[in-house]
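Analysis of the macromolecular model
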Amino acid sequence: MIRMLGTQFGHFFLLEQDGEVTVIDAGLSGYRDTLEPALADMGRSIDDVKAIVLTHADPDHVGFAGELQQTHGIPVYVHRADSERTRQGKTKHAEGSPLAMLGMLKHAHSWRALRHTIANGGFKQSKVPRVIPFDDGDELEVPGRLRVIHTPGHTEGHCVFYAPFEDALFVGDAINNLDIVTGQPGAHLAPQAANTSTNQAYESLSRIEELDAHILYFGHGDPSTQGTRAIVAEARSKR
Ligand SMILES: [Zn+2]
């Protein structure tokens, strides 16, 4: 069973297998209080959460992971290349200029997203003192047995996860299913100002394209059952 939580500005997920739950990404830290009600809705509790697995180390995905580790001792997994940033709570060096970021704010959607992010703690990345690093090709020993596919570009350690029992792919921010600047729906890559390497992010699309999955879940934008090929083709066409 999969539950999508969060808001129109960003999602995180609960993946259940045999009564145990993996939290995939940990939202913005302000989403913390939505966790227990969603677990209760699934007939589960916080004690059933056995792992938090992060697609990457940006603050709108690390969210409440550190808090949950501190209060409940839940292990946090992240790719090796993003593990130091996760531990230190450090923001990445994006390739775009801060001026490009300012330019985004001429769009009403960006303003709303910015206000929402500030209100939900998105500009102070919390530290996760202990992380379990993983590598490309790993099969994680967590509920749902996620398979790791390294897709760098948005961050150095960005990964997508395939959940075999659900035939689902958690895409994180390797592809957004809306334009995060304008709010227009459809597959897009994040703007240059939000990536460590946009060229590398486009190269990583070929890794996603070769995967088969019934449904794709995105960090930003609605889920899709169009298949990886169609989604990747749409994202490439916007370049
Ligand atoms: Zn994001």
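This text goes with the structure placed above it.
A quick note: this is a predicted structure, and the numbers were derived from the prediction, not measured. (Residues numbered from 1 in each chain as written. Predicted model: local features only at pLDDT ≥ 70, side-chain atom pairs only at ≥ 80, totals over all residues. Heavy atoms only, no water.)

1. Description of the coordination of the zinc ion
Expected angles at a metal are 109.5 degrees for tetrahedral coordination by four donors and either 90 or 180 degrees for octahedral coordination by six donors. Around the zinc ion, the protein contributes the donor atoms Asp60 (OD), His61 (NE2), Asp173 (OD) and His220 (NE2), at 2.1 to 2.3 Å from the metal centre. Every donor counted, the four donor atoms about the zinc ion form angles of 86 to 164° at the centre, which fits irregular coordination. Sequence spacing among the residues donating to the zinc ion works out to D-H-x111-D-x46-H. Relative accessible area serves as the criterion here: at 22%, aspartate 60 is assigned to the partly exposed category. For histidine 61, a relative accessible area of 0% translates into the label buried. (Donors = N, O, S within 2.8 Å, 3.2 Å for Na, K, Ca; no water. Tetrahedral: all angles 85-135°; square planar, octahedral: opposite > 155°, others 65-115°. Buried < 20%, exposed > 50% of the residue type's maximum accessible area, 1.4 Å probe, protein only.)

2. Section: the pattern of salt bridges
Tallied over the entire structure, the rule returns 16 salt bridges. A salt bridge links aspartate 135 to arginine 80; the nearest nitrogen and oxygen atoms lie 2.9 Å apart. In this pair, aspartate 135 sits in the loop between strand E6 (132–134) and strand E7 (147–150) while arginine 80 sits in helix H4 (residues 80–88), placing the two residues 55 residues apart along the sequence. The exposure class of aspartate 135 is partly exposed, given its relative accessible area of 27%. A residue is classified by how much of its surface remains accessible, and arginine 80, at 44% relative accessible area, is partly exposed. Two residues, arginine 85 and aspartate 82, come together in a salt bridge whose shortest N-O distance is 3.9 Å. Taken together, the positions of arginine 85 and aspartate 82, both in helix H4 and three residues apart, correspond to about one turn of that helix. (Salt bridge = Lys/Arg side-chain N within 4 Å of Asp/Glu carboxyl O. Helix = DSSP H or I, 4+ residues; strand = E, 2+ residues; numbered from the N terminus.)

3. Overview of the packing of helix H7 (residues 198–209) against helix H8 (residues 228–237)
At a closest axis distance of 9 Å, the pairing of H7 and H8 adopts a crossing angle of 165°. Relative to H8, the element H7 is oriented roughly antiparallel. In this structure, H7 crosses over H8, and the sense of that crossing is left-handed. Facing H7, whose interface residues are Tyr202, Leu205, Ser206, Ile208 and Glu209, H8 presents Thr228, Arg229, Val232, Ala235 and Arg236. Among the residues forming the contact of H7 with H8, the class breakdown is five nonpolar, two polar and three charged. (Axes fitted to C-alpha atoms, helices over the stretch in contact; angles between N-to-C directions. Parallel < 35°, antiparallel > 145°, perpendicular 65-115°, else oblique. Left-handed = near helix turned anticlockwise from the far one by under 90°. Contact = heavy atoms within 4.5 Å. Nonpolar A, V, L, I, M, F, W, Y, C, P; charged D, E, K, R; others polar.)

4. Some words on the sheet that holds strand E8 (residues 159–163)
Pairing in this open sheet of four strands is mixed, and the strands run E7-E8-E9-E12 from one edge to the other. Each having just a single partner strand, E7 and strand E12 (215–218) make up the two edges of the open sheet. Here the strands of the sheet are splayed against their neighbours by 25° on average, with no regard to which way each runs. In this structure, strand E9 (residues 168–172) lies alongside E12, joined through four bridges in parallel fashion. By the bridge assignment, phenylalanine 170 is partnered in E12 with tyrosine 217. (Pairing = 2+ DSSP bridges.)

5. Observations regarding the sheet that holds strand E3 (residues 20–24)
Spatially, the six strands line up as an open sheet ordered E1-E2-E3-E4-E5-E6, and their pairing is mixed. In the strand order of this sheet, the two ends are held by strand E1 (2–7) and E6, each with one partner. Looking at each pair of strands side by side, their axes are set apart by 25° on average, direction ignored. In terms of strand pairing, strand E4 (residues 49–53) meets strand E5 (residues 76–79) through two bridges, oriented parallel.

6. Quick word on the environment of leucine 99
Of note, leucine 99 is situated in helix H5 (residues 98–104). Owing to a relative accessible area of 66%, leucine 99 belongs among the exposed residues under this scheme.

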